[in-house]
Amino acid sequence: MRKLTIILCTLALAGCVAMAKVETGDRSIGDRMAVKIEGPWNHLEAPGLGPAQNWTMEGLPVDQLLLYSGIKDGELVHAGGGGGTRKEFAFRANMHPDEIVAMFEGMLTRDGSTFMLTKLEPAPFGGRKGFRFDYTLTRKVDNVVLSGVGWGAVSKNELFAIIYMAPRLAFFARHAPQVEKIAMSATIKE
Amino acid sequence: MPLRFVRPEPATDEGGLWAIMDRTETELRRSPFLIRDKSLRDYVQDIACRLGGDHCPDVRVYLVRTPLFNASMAPNGTMQVWTGLMLRMENEAQFAAVLGHEIGHYLERHTLERLRDVKSASAFGQFIGLFGLVGAIGQLAVLAGLFSFSRDQERVADRIGITLMRKAGYDPAEASKVWGNLLAEIKARPDGDNEATVPMFATHPGVAERMDTLAQLAAEVPGGDTRTETWRAKIKPFRRDWLIEEIRRGQHEESIALLTRMIASAPGDAELLVARGEVYRQRAKEKDLELAMTDYQTAVALGGEPPETHRGLAMVYRKRGEPDQARASFQRYLEMAPGAPDAPMIRSYIEEPGK
C-alpha cells in the first residue's frame, strides 16, 4: 500500500493519474467478465498499476475494489517491479482455491501487513463454480485494520476475481453490500 | 561503560532527536504489530538488562510482529526487535549478541554522531529556515536514517557487544554464527548475495568481514553459556505463528534454507518439518511435491504434528490424482481443526466426486 501511495503521488505529480467515474449499469471488465453496478464508483487509471482494475468509493487508500479478469497461467496478480528484492506472486492454472487465496494473501502482505483468513467457502462466481473468502488485513504503513472479502473462479485456465477491502469501522459495512451485489452480478463469458 | 544518560535539553539537537524517538515510541506502544505477551517481553527485557548493566532502567524492549531479521535501538532507550530475528536465533547467546551490538550503538551514541555528520554535511541553516529547529532536526533525522552506520561504528558496536555478552556469561563465539546463518539464507535467494535486501544488512556493511572479526574477538576469551534449551522453551509458544508468517513471505528459497538449518539442529521437530513441507508445496517446482510429502509424512511419523500437516498431505494427494488418500487426509485435518476458517472449502473437496 505504501508503494501504491508513492506510485500514485508520483504519477499524480506527473499528471498520469486519471480518476474516471464508473456509471451505473452493465460494465465490462476485460474481455471475458462483466458486472452490473447499481451506483457510481471511481476507477483509478494509471500506468503500472497491475492487471486488476482499481475501483474505490471513498478514495485510496481508504477503500479498494480490485477486479481481475482473465489472468493467465504465470501472470502476476500485482504490478511488477521491486528490483528483485520483493517476492512476486503469480497465478498458476492448477491452483486450488486455498492456493489462490494464499497467493492474494502474499500479494497483500508484501509491505509487511498482516493477513488473517476468517472464512473460505465454496461459492458460485461469474456463473462458475468458485469460492468466497473473508479476511482481516492490518496495514503496516498506518496500522489501520481493514476487513476484506473476495470471490474467485477459474475458467479455461484463467483467473477471475473480485476483492474488496476497507477499514473495518464504518467503511467496510457501508460498502460491502454493494460489493456483494457486484460480485453476484458477475458473468464470465466463454 | 558510560554513566546513564540524562534527558538532553529539548532545544539541543540531541533533545530534538529524543523528542522524535519519544513520538515513535508512543506510536509503537499502540501498534497492533506489538507483541504484548508479558512473559516473553519480561524474558527479553531481562536479557537486555543483563547486557545493559547500569543502563538497564533506560532500556525498553518492544517486540514487533514482522517476519524479517531486524533490531534497532534509539537514543532514548527504545529497542525494537522483530519476530523474524527471534525465529532465526538458535539460542539465547545469539540473541544476546544482537541486543549487545545494538546496546553498543546506544552506549556510544552513534545515532547522534550520525545526525551531526549529516548536519555538518548539509546546509543546516537552510533546514532551520525551512522547518524551524525541531522540524529541521526531524528532517535531518529522516535523512540520517538513509545512511548506514560507518564501518568504524559497526566495529565499535561489535566489540562492545562481545564484551557485554562475556560479562553476562554468554559464549561470544555465537555472535559470528548469527551472521553466518543469515548470509547462508541470503545466498539461497534467487537474486544471490544481495545483502541490502535484509533491513539490518542495509545498514551493516561487510558481513563476511564482520563474521571474521567477531570470531577473532570471541577467541580472545572463549567460553560461556549458550542457554539453548531456555531459549527454545521460551519461544516455543510463539514459534508456530512466526513460522506461519515466514511461510507467508513467499521467499521460498530463503525459507527452505532457514528451515533446513533449523531441522538439522532439531530433527525430531514436527512443526519445523511441516513448515518446510508447506514451503515446498507452495513453491511447487519440480520434485517439490515429493519433498513436501516426505516432510509431512515424517512429521506424522514423529507425532505431535499440527493440523495443517494433513491438509498439505491431502493437497499433494489431489495433485497426484489419489482421491481416496486425499479424502482421508482432509478428514483428518477437519477432525483436528473443526473450526478452521477453510473448513467449508475442505468439506466441499471431500464431497467432490472422483477428485
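For the structure itself, look to the data block above.
Figured I'd write up the structure that's included with this text. (Residues numbered from 1 in each chain as written. Chains lettered and ligands numbered in written order. Predicted model: local features only at pLDDT ≥ 70, side-chain atom pairs only at ≥ 80, totals over all residues. Heavy atoms only, no water.)

1. Considering the overall build of chain B
1) Next: Counting its regular elements, chain B contains 17 helices and 3 strands.
2) Next: In chain B, which comprises 355 residues, the proportion classed as buried is 54%.
3) Next: The long-range fraction of contacts in chain B, counting pairs at least 24 apart against all pairs at least 6 apart in sequence, stands at 64%.
4) Next: Of the roughly 15,300 Å² that chain B leaves accessible, carbon and sulfur atoms contribute 54%. (Helix = DSSP H or I, 4+ residues; strand = E, 2+ residues; numbered from the N terminus. Buried < 20%, exposed > 50% of the residue type's maximum accessible area, 1.4 Å probe, protein only. Contact = heavy atoms within 4.5 Å. Areas by Shrake-Rupley, 256 points an atom, 1.4 Å probe, with all protein chains shown as cover.)

2. Some details on the overall build of chain A
1) Next: Helix and strand content of chain A: 3 helices and 11 strands.
2) Next: Reading the secondary structure of chain A in the N-to-C direction produces α-β-β-β-β-β-β-α-β-β-β-β-α-β.
3) Next: Looking at chain A residue by residue over its 190 residues, the buried ones come to 53%.
4) Next: Considering only contacts in chain A between residues 6 or more positions apart, those separated by 24 or more positions represent 51%.
5) Next: Total accessible area on chain A is roughly 8,100 Å²; 56% of this is exposed by carbon and sulfur atoms.

3. Points about the pairing of strand β2 (residues 25–29) of chain A
All names here are of chain A.
1) Next: For β2 and strand β3 (residues 33–37), the ladder comprises 5 bridges, and the chain directions are antiparallel. Bridging across to β3, Gly-25 finds its partner in Ile-37.
2) Next: Once β2 ends, the chain turns through 3 residues before running back antiparallel as β3, passing Gly-30 with a positive phi of about 65 degrees. (Pairing = 2+ DSSP bridges.)

4. Side note on the state of the cysteines
All names here are of chain B.
1) Next: Tallied over the full model, the rule gives 1 disulfide over all chains.
2) Next: With its sulfur 1.9 Å from that of its partner, Cys-49 forms a disulfide with Cys-56. Sign of the S-S torsion, about 60 degrees for the bond between Cys-49 and Cys-56, identifies this disulfide as right-handed.
3) Next: Residue classification places Cys-56 among the partly exposed residues on the basis of a relative accessible area of 22%. (Disulfide = S-S within 2.5 Å.)

5. Details of the sheet that holds strand β4 (residues 41–45) of chain A
Residues and elements named next belong to chain A.
1) Next: Across the sheet, which stays open at both edges, the 8 strands sit in the order β1-β4-β5-β6-β10-β9-β8-β7 with antiparallel pairing between neighbours. What marks the edges here is a single partner per strand, and that holds for β1 (18–22) and β7 (114–125). Direction aside, the axes of adjacent strands within the sheet are offset by 20 degrees on average.
2) Next: Direction of pairing for β7 relative to strand β8 (residues 128–138): antiparallel, over a ladder of 11 bridges. Its bridge partner lying in β8, Leu-120 is registered against Phe-133. (Axes fitted to C-alpha atoms, helices over the stretch in contact; angles between N-to-C directions.)

6. Examining the packing of helix α11 (residues 228–248) of chain B against helix α13 (residues 270–283) of chain B
Relative placement of two packed helices is described by the angle separating their axes and the distance separating the axes.
Residues and elements named next belong to chain B.
1) Next: Running from N to C, α11 and α13 point in directions that differ by 10 degrees, and their axes come no closer than 10 Å. Taken together, the axes of α11 and α13 are roughly parallel relative to one another. Every residue of α13 that contacts α11 at Lys-236, Arg-239, Arg-240, Leu-243 and Ile-247 is listed here: Glu-271, Leu-272, Ala-275, Glu-278, Val-279 and Gln-282.
2) Next: Here the contact of α11 with α13 is built from residues that sort into 5 nonpolar, 1 polar and 5 charged. (Parallel < 35°, antiparallel > 145°, perpendicular 65-115°, else oblique. Nonpolar A, V, L, I, M, F, W, Y, C, P; charged D, E, K, R; others polar.)

7. Regarding the nonpolar core
1) Next: Formed by 73 residues in total, the largest nonpolar core has its most connected members in Leu-51, Val-81, Met-86, Phe-95 and Leu-99 of chain B.
2) Next: Not counting residues up to four positions away in its chain, the partners in contact with Leu-51 of chain B are Met-1, Ala-96, Leu-99, Gly-100, Ile-103, Leu-164, Met-165, Ala-168 and Tyr-170 of chain B. (Core = buried A, V, L, I, M, F, W, Y, C linked by side-chain atoms within 4.5 Å.)

8. Considering the interface of chain A and chain B
1) Next: In this assembly, 30 residues from chain A lie in contact with 31 residues from chain B.
2) Next: Looking at the side of chain A facing chain B, the largest losses of area belong to Lys-87, His-96 and Asp-98 of chain A, adding up to 22% of the total buried there.
3) Next: Summed over the shared surface of chain A and chain B, the result is 8 residue pairs in polar contact (both at pLDDT 80 or more).
4) Next: At the level of secondary structure, the elements contributing two or more residues to the side of chain A that touches chain B comprise α2 (97–108), β7 and β8 of chain A.
5) Next: Ranked by residue count, the leading element in the side of chain A that touches chain B is β7 of chain A, at 8 residues.
6) Next: For the side of chain A that touches chain B, the residue count by class is 7 nonpolar, 12 polar and 11 charged. (Buried area = accessible area lost by both parts, 1.4 Å probe. Polar contact = N/O pair within 3.5 Å; in protein donor to acceptor, adjacent residues only side chain to side chain.)

9. Some thoughts on the packing of helix α15 (residues 308–319) of chain B against helix α16 (residues 323–336) of chain B
Residues and elements named next belong to chain B.
1) Next: Direction vectors running N to C along α15 and α16 enclose 160 degrees, while the axes themselves pass 8 Å from each other. Classified by the angle their axes make, α15 and α16 are roughly antiparallel. When you trace α15 past α16, the crossing you get is left-handed. In this structure, α15 uses Glu-308, His-310, Arg-311, Leu-313, Ala-314, Met-315, Tyr-317 and Arg-318 to contact α16, whose residues at the interface are Gln-325, Ala-326, Ser-329, Phe-330, Arg-332, Tyr-333 and Met-336.
2) Next: When its residues are assigned to classes, the contact of α15 with α16 shows 8 nonpolar, 3 polar and 4 charged. (Left-handed = near helix turned anticlockwise from the far one by under 90°.)

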